[in-house]
Amino acid sequence: MTRTARRRSSLRPGALALLVVAALAAACGSPPERSDSGADIVRIGLSPYFEYQPWVIADELGLDEQQGIDLQFTSIESTQTAAVAARRGDIDLVPSCHSCAFPFYKEIPELRDFMITNQFKGFIVVGRTGQTDTFEELSASIGPDAAKERILHGLRGKTFVIQRAGYEALLVAALDQVGMTIDDIEIVDMPDDSAAALAFTSGTGDYYIGSLPQEARLLQEPDRFVNVGGTDILGPAGLWYSTMLATEDWLNDNHDTVLRLMAVWYRTMRYLDEQPQRTLPMFTEAINTAAASDLPLSEVEYIVAELEFFPTLQQAAETVYNPESELYFRQSVDFYAKGNADKLPEDFVVDDVVVDDRYFDELRRNQELVSWIDSPLS
């Protein structure tokens, strides 16, 4: 049993709002507790998604200890459906995403989205090999703008096999970019992603959009299925960043710890990038523990490499936080803030609660932490 497994507790299924309330109760206005070694204890809610498992890798590598932090994990169901008992208040950091958090700011304005973990690239259109153009191929010959327009117009009259409740809004936003509507395509509505993928595999429909594991399995059969395009054709609706939340008071009271936490994350990104043979088995064990799954190492390798983007500090500066980049995170934030306008307070200001860039910039100005992130890996 790994030390992470020994330190992982679990919570009963419940709403994410309950998890956030627990975070508020624990985090509001108090510094972290100290472990017997004097390290700052930071309690992280760990949901069963790929995006947050590098925290486990950081713990296994002992990077938290190197920065005087003791990471402790509480297993939760997901960022949408959390697991927590009302009497528990021991969560400091909550896994989330920009879009996921907007519905909570009206009721809990103290929440702050302060750290982007990665870009989820799993919102893609899967087509049949030889029966559709792909953005990658077209953009090389006619340019990205023309490729995007041709592919989207080419969807007219085609059939999508999807769980409608989960993915129709994504398609609506994508089609709107070229003046089309959902009525311009056909939808075969399935009860869940697995059923949709099975139907698509069996020959139903022209395209599929679904969950990460299902898409990964399809795309590992390149003779049958192909990645038509992701954010490149879906637009801001498909540009999705996973994040960490905390309360404003916790961030203010634990400012130094927050920067060290971010340093731990970005050094972990270097290990993931430069030592995959060492870290991907850790990743596989972590995701299978969190999701009670049995994914093979090869599938985890494919998902991490192709359907997720875990940027290093330098890569994040060049893409995620770069206003000139197509991956600039504010494109997604502004899109989803507009889409959630009816759930937000009347005086809501995005920059007051989505503060990822402030903390990222501060980390980059901290030469001691940057030097540690960039130092040779062991």
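What counts, and at which threshold
Residues numbered from 1 in each chain as written. Predicted model: local features only at pLDDT ≥ 70, side-chain atom pairs only at ≥ 80, totals over all residues. Heavy atoms only, no water. Pairing = 2+ DSSP bridges. Helix = DSSP H or I, 4+ residues; strand = E, 2+ residues; numbered from the N terminus. Contact = heavy atoms within 4.5 Å. Axes fitted to C-alpha atoms, helices over the stretch in contact; angles between N-to-C directions. Disulfide = S-S within 2.5 Å. Buried < 20%, exposed > 50% of the residue type's maximum accessible area, 1.4 Å probe, protein only. Core = buried A, V, L, I, M, F, W, Y, C linked by side-chain atoms within 4.5 Å. Salt bridge = Lys/Arg side-chain N within 4 Å of Asp/Glu carboxyl O.

Right, let's talk about the sheet that holds strand β4 (residues 94–97) for a bit. Taken together, the four strands give an open sheet; going across it, the order is β4-β11-β5-β12, and neighbouring strands pair in antiparallel fashion. Where the open sheet ends on each side, the last strands, each with one partner, are β4 and β12 (308–309). Bridge count for strand β5 (residues 111–120) against β12 is two bridges, and the pairing is antiparallel. From the neighbouring strand, Q119 faces β12, where its bridge partner is F309. Each of β5 and β11 (240–247) touches helix α19 (residues 356–365); the most contacted strand, β5, lies at about 75° to it.

This part covers the state of the cysteines. Evaluation of the coordinates by the stated rule reveals one disulfide. Across a sulfur-sulfur distance of 1.8 Å, C97 and C100 are joined as a disulfide pair. The sign of the 90° torsion about the S-S bond sets the C97-C100 disulfide as right-handed. Exposure remark for C97: the relative accessible area of 1% places this residue in the buried category.

This part takes up helix α3 (residues 54–61). A turn of α-helix holds 3.6 residues, and therefore any two residues three or four places apart point the same way. α3 sits mainly inside the fold: seven of its eight residues count as buried. Turning to α3, its buried residues number three or more, namely P54, W55, V56, I57, A58, D59 and L61. Backbone geometry just downstream of α3 places G62 in the positive-phi region, at approximately 75°.

Turning our eyes to something else, we now look at the nonpolar core. Soluble globular proteins tend to bury their nonpolar side chains together. W55, F114 and Y266 are the most contacted members of the largest nonpolar core, which totals 124 residues. Looking at this core, the element that brings in the most residues is helix α13 (residues 255–274), giving 11 residues. Setting aside chain neighbours within four positions, we find Y266 in contact with I116, P311, T312, L313, A316, Y321, F360, L363 and I373.

For the rest of this paragraph, the subject is the environment of M262. By the element assignment, M262 lies in helix α13. Given the relative accessible area of 1%, M262 is considered buried. Distance in space between the C-alpha atoms of M262 and L313 is 9.7 Å, their sequence separation being 51 residues.

A word on the pattern of salt bridges. Enumeration over the complete set of coordinates arrives at 13 salt bridges. For the salt bridge of D40 with R34, the shortest nitrogen-to-oxygen distance reads 2.7 Å. D40 sits in the buried class, given a relative accessible area of 4%. Of the residues examined, R34 reaches a relative accessible area of 57% and is grouped as exposed. Among the charged side chains, a network of salt bridges with common partners joins R34, D40, D256 and R260.

Right, let's get into the pairing of β11. With eight of eight residues buried, β11 lies mostly within the body of the structure. The two faces of β11 match: W240, S242, M244 and A246 on one face and Y241, T243, L245 and T247 on the other face are all buried. Note that β5 and β11 share eight bridges and pair antiparallel. When the sheet's bridge partners are listed, Q119 is paired in β11 with Y241.

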